[in-house]
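# Summary of structural features
Listed below, chain by chain, are the residues.
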Amino acid sequence: MKQIKHHLTESLLMGYAAGTLPEAFDLVVATHVSMCDDCRAAVAEYDAVGGEVMLDMPPMDIDVDALAATLAMIDKGAPVPKPRQKARGVFPAPLQDYVAGDLSAVKWRKVGGGVSQMVLKTSGDATVRLLKIPAGTAIPDHGHHGTELTLVLQGAFFDDTDRFAAGDIEVANEDLNHTPIAEAGADCICLAASDAPLRFNGIMPRIAQRFIGI
Amino acid sequence: MRRTKGMLTENTISLAAPRGRASPNADAPANMAVKLKVRGVKETQSDKRLAWIAQLDAVRDQKDRTAFAELFAYFAPRLKSFLMKSGTSPDMAEECAQEVMVTVWNKAHLFDPTKASVSTWIFTIARNKRIDMIRKQRRPEPEDLPWGPEEAPSQTDVIGLQQETELLGRALADLPAKQRELIERAYFGDLTHSEIASETGLPLGTIKSRIRLALDRLRHAMN
Ligand SMILES: [Zn+2]
């Protein structure tokens, strides 16, 4: 894996460790962490903070039969979990779980402007989708109401702020109005999550928005 | 609620000291720990962490119910407390705490003491159980790192990580009450990250600079 330049923010790292992010965001974080040793180490730190918070709780009385009840559940047996091996292919394992396969298993739907997408099923208000942007194509200029995460899985895009290649994540908030353009070369495949609808500027993009549903 | 300052004996401090300098002697912490045990000083928090690892190993290797009962006695009441703080009813918190301990038994073979303290590992199980049972969501987890050849974890690494986690816990306990409360509430799920940002004006900002040192040490220990 090449050097990753754009990482998760402290808020996302902490939110993921605390377990308070919407499922769509968790998926993007887990996918980036699968590709990025730096953020993996940072999540481990925030997990450790969570462990110390839990440890500092005033102990609460538990039922006298609780241990016996727990051992009874253990006796019923359960499948013994195995470590999850590194996935082969373009998509890391957590993303393959949601797609039910690798890149070749994606059911793309055209959404206009040459862009295709597949919305992944998650619960909660935030949404997450795979986007395929043909090389050299621009995503319509748009601003954001909430937070938008865009993780590059293949190819690269650039916008007003910088260049984003495989493994890089862009965290955009309300201040950012941008026009990402897929770099020449391979199609750009991204995993994009948003906790609010995007806001496109101009009439044509508005139509595109209705189709894309973002 | 706080870690008792009284337990910070001189011996405990000398146990942690070698990690602070860039000491070329990687075995120093292990030697220190051994020395501590030989001297028979009263149980320190770091020793407690090593005892949890031994108990978990006994669960994994011998299906040892006594060792499990000891882990249960320590963690179940704190898990229940943590889950109730997260807004769960006492009955549900107790059920969830039991489920967590069942998972501890079933996953004992996946615990790696060079990557996490037992408290950290049990917290991640509890967090995922809360998402599963209470929020009824899936929890996407990263891939595991590829496993190396089966070799026993280095004792130096194990002890180093336990000590760093202990220092992190103390740094957290030593934070001013208001800052500590904000961090705790973030983990209870009381506050979203953006709410923390708006309440303090700094996501972890000043708070973080206080625990930054401890986190840096921890990262160093895990690499
Ligand atoms: Zn990263």
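### So, the side chain of Glu23(A)
With respect to the secondary-structure elements, Glu23(A) resides in helix H2 (residues 23–35). One buried charged residue, Glu23(A), remains without a salt bridge, the closest side chain of opposite sign being Arg138(B) at 4.7 Å. A polar contact is formed between the side chain of Glu23(A) and the side chain of Ser123(A), at a distance of 2.7 Å. Among all residues touching Glu23(A), those that are not within four sequence positions of it are Tyr98(A), Lys121(A), Thr122(A), Ser123(A), Gln137(B), Arg138(B) and Pro140(B).

### Quick notes on the coordination of the zinc ion
Geometry sets the ideal angles at a metal, namely 109.5 degrees for four tetrahedral donors and 90 or 180 degrees for six octahedral donors. Residues and elements named next belong to chain A. Protein ligation of the zinc ion involves His7 (ND1), His32 (NE2), Cys36 (SG) and Cys39 (SG), the donor distances falling in the range 2.1 to 2.3 Å. One way to put it: the 4 donor atoms around the zinc ion meet at angles of 95 to 128 degrees, and that makes the site tetrahedral. One chain supplies every donor for the zinc ion, spaced along it as H-x24-H-x3-C-x2-C. Of this pair, His7 sits in the segment before helix H1 (10–18) while Cys36 is found in the loop between H2 and helix H3 (37–55), placing the two residues 29 residues apart along the sequence. Judged by its relative accessible area of 27%, His7 falls in the partly exposed class.

### A word on H2(A)
Between its terminal C-alpha atoms H2(A) stretches 19 Å, which fits the 18 Å expected from 13 residues at 1.5 Å a residue. Among the 13 residues that make up H2(A), 13 are buried, leaving the element largely enclosed by the rest of the structure.

### Some remarks on the domain arrangement of chain A
Reports often express the size of an interface as the amount of accessible area lost when the parts come together. Residues and elements named next belong to chain A. One can read the domain layout of chain A as domain 1 (10–96) and domain 2 (100–212). Of the residues lining the interface, 17 residues belong to domain 1; the matching set on domain 2 comes to 27 residues. Counting each side, the surface lost to burial between domain 1 and domain 2 is near 1,800 Å², with a carbon and sulfur contribution of 77%. Three residues, Phe25, Val28 and Phe91, lead the burial of domain 1 against domain 2; their summed loss comes to 32% of the area buried on that side.

### Describing the sheet that holds strand E9 (residues 181–182) of chain A
Residue and element names in this part refer to chain A. Pairing within the open sheet is antiparallel, and its 3 strands lie in the order E7-E6-E9. Looking at the sheet topology across the chains shown, the edges are occupied by strand E7 (163–165) and E9. Sheet topology places strand E6 (residues 156–158) next to E7; 3 bridges connect them, and they run antiparallel. Residue Phe158 lies in a different strand from E7, and its bridge partner there is Arg163.

### So, the pairing of strand E5 (residues 148–154) of chain A
All names here are of chain A. Buried residues dominate E5, accounting for 6 of its 7 residues. As judged from the 4 bridges shared by E5 and strand E8 (residues 169–172), these two strands associate in the antiparallel manner. Within the sheet, the bridge partner assigned to Leu151 lies in E8 and is Ile169.

### What to know about the nonpolar core
Proteins that are soluble and globular tend to have nonpolar side chains buried together. With 91 residues, the main nonpolar core has Leu120(A), Leu130(A), Leu191(A), Phe75(B) and Tyr187(B) as its most contacted residues. In this structure, this core is formed jointly by two domains, domain 1 (10–96) and domain 2 (100–212) of chain A, each of which donates at least three residues. Formed by 12 residues, the second largest nonpolar core is a distinct cluster that contains Val111(A), Phe157(A), Ala182(A) and Ala192(A).

What counts as what
- Residues numbered from 1 in each chain as written.
- Chains lettered and ligands numbered in written order.
- Predicted model: local features only at pLDDT ≥ 70, side-chain atom pairs only at ≥ 80, totals over all residues.
- Heavy atoms only, no water.
- Helix = DSSP H or I, 4+ residues; strand = E, 2+ residues; numbered from the N terminus.
- Buried < 20%, exposed > 50% of the residue type's maximum accessible area, 1.4 Å probe, protein only.
- Lys, Arg positive; Asp, Glu negative; His and termini not counted.
- Salt bridge = Lys/Arg side-chain N within 4 Å of Asp/Glu carboxyl O.
- Polar contact = N/O pair within 3.5 Å; in protein donor to acceptor, adjacent residues only side chain to side chain.
- Contact = heavy atoms within 4.5 Å.
- Donors = N, O, S within 2.8 Å, 3.2 Å for Na, K, Ca; no water.
- Tetrahedral: all angles 85-135°; square planar, octahedral: opposite > 155°, others 65-115°.
- Expected span 1.5 Å × (residues − 1).
- Domains from an automatic or database assignment.
- Buried area = accessible area lost by both parts, 1.4 Å probe.
- Pairing = 2+ DSSP bridges.
- Core = buried A, V, L, I, M, F, W, Y, C linked by side-chain atoms within 4.5 Å.

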